[in-house]
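Working through the structure, step by step
Here is what each chain is made of, one letter per residue.
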Amino acid sequence: MQYLIFFVIVFLIFSLTNWYIGVRSWQALMAWFPAADHRIFIGVFCLLSFSYLLGRVGARFLPGAAANFMTIAGSYWMAVMFYGFLILLFIDILRLVNHFTGLVTPDIIILKILGAAVLLVIVSIIGLGAWNARHPVVTHYDVTISKQAGNMESVKIVMVSDIHAGLILNNGRLAGLVDLINAQNPDVVLLAGDMIDEDVTLFAEEKMAENFCRLQAPLGVFACLGNHEYYAGNVSDIEQYLKRGQVVLLRDQTAEIAPGIVVVGRENAEQRIEGSAELVSLEDILTGIDKNKTLIALDHIPSRLGEAQSAGVDLLLCGHTHDGQLWPNNYLTSKIFPISYGYLQNGAFNAIVSSGFGTWGPPVRVGNRAEIVDITVHFE
């Protein structure tokens, strides 16, 4: 019942937002084309507005290509809707101020220019955001840990979060990610959750896991779960697919990847291991582990920094936030999480949160870039 109420509320907000954008878009269109047929406009606008929902639901009875096209078009529309609402709301506030001040006398020329300007701004934002999402950067950090790790002076880690492999980030882009990781010559690759998007079927059908087999990391490839692995399907099946890709999934488990270096993968904070009444504490997971060893933790959501620091973790790696993905959402995520992006050091404790490689919803990034994180850990 709770899920039904949530869906109804979200659907109402979504519908009202599109109604608002549709009314303002029709007014702008009328300024340029007074003879436009409102029936055609309403039909096209409604089809575009609900194309994502139609694509997802229609996947059961529409041809695959048609359903995928509608899903992708609807994904881009989410970004258009987001910025369209913000810009139009800002303009309406200015109109309200002008109503009381009378600074500008509206006429048809102003309406035409304003409508064209709004369209140009939205198209430019979406175009730049799509480019940001498809052109990842490599972000480098140097971290010093006051411990020894056998005879190693340093270890090179490539951490990637939020790949969201699926319809939007397809096999070709996943292959590009593998090539980009290999170009950094990592010692170990760590995947901080949300490797798969919302449907494991496509991941399995396109044999995406086989791309992970090409990763070149002598100390191995390790991963923790994110929330989207749970949305995608049976986690046990996902674990088997990742195993085929030679990815070791750590579910509240540890692995000593080299003498003196231990990686621990946390279960996602929003879910529980099957059959478990509650999440296992990090202190319990690390029972029996020598705290003089370097402890590197993977935890998808950056909400348990205090627990990690108290448990003696030296380096915590997270994702999930996408750095807001669409500006100005980054201001919101920075209020929700202790750190929503970048590097935090507190004494001997270090934490890095990535903006992620893929996207969720709109395949668009505004105010941030898709990234992989290259970390050189130095041992003293």
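Anything mentioned here points back to the structure above.
Residues numbered from 1 in each chain as written. Predicted model: local features only at pLDDT ≥ 70, side-chain atom pairs only at ≥ 80, totals over all residues. Heavy atoms only, no water.

Next up on the list: the overall build of the protein. Looking only at helices and strands, the protein features 13 helices and 12 strands. Over its C-alpha atoms, taken along the principal directions, the protein stretches across nearly 75 × 50 × 45 Å. When burial is assessed residue by residue, the protein has 46% of its 380 residues classed as buried. Expressed as a percentage of contacts within the protein between residues at least 6 apart in sequence, the contacts between residues at least 24 apart total 75%. About 18,900 Å² of surface is accessible on the protein, with carbon and sulfur atoms providing 63% of the total. Counting 23 positive and 34 negative side-chain charges, the protein places the averaged centre of each group 7 Å from the other. (Helix = DSSP H or I, 4+ residues; strand = E, 2+ residues; numbered from the N terminus. Buried < 20%, exposed > 50% of the residue type's maximum accessible area, 1.4 Å probe, protein only. Contact = heavy atoms within 4.5 Å. Areas by Shrake-Rupley, 256 points an atom, 1.4 Å probe, with all protein chains shown as cover. Lys, Arg positive; Asp, Glu negative; His and termini not counted. Charge placed at Lys NZ, Arg CZ, Asp CG, Glu CD.)

Moving on: helix 5 (residues 108-134). Across its 27 residues, helix 5 extends 39 Å between first and last C-alpha, which sits within 8% of the 39 Å expected from 1.5 Å per residue. Those residues of helix 5 that fall on the buried side of the exposure criterion are Val 118, Ile 122, Ile 126, Gly 129, Ala 130, Asn 132 and Ala 133. Close packing links the buried residues of helix 5 with helix 4 (64-101) and helix 6 (171-182). (Expected span 1.5 Å × (residues − 1).)

An order of 6-7-8-9-11-10 is seen for the 6 strands of this open sheet, with the pairing classed as mixed. Pairing within the sheet leaves two strands with one partner each, and these edge strands are strand 6 (253-258) and strand 10 (342-346). Adjacent strand axes in the sheet meet at a mean angle of 20°, parallel and antiparallel pairs treated alike. (Pairing = 2+ DSSP bridges. Axes fitted to C-alpha atoms, helices over the stretch in contact; angles between N-to-C directions.)

Our next topic: the environment of Ser 355. Relative to the elements of secondary structure, Ser 355 occurs in the loop between strand 11 (349-353) and strand 12 (371-379). C-alpha separation for the pair Ser 355 and Ala 297, spaced 58 residues apart in sequence, amounts to 17 Å. Sequence-distant contacts of Ser 355, that is, excluding residues within four places in its chain, are made with His 322, Asp 323, Tyr 341, Arg 365, Arg 369 and Glu 371. A polar side-chain atom of Ser 355 sits 2.9 Å from the main-chain carbonyl oxygen of Arg 369. (Polar contact = N/O pair within 3.5 Å; in protein donor to acceptor, adjacent residues only side chain to side chain.)

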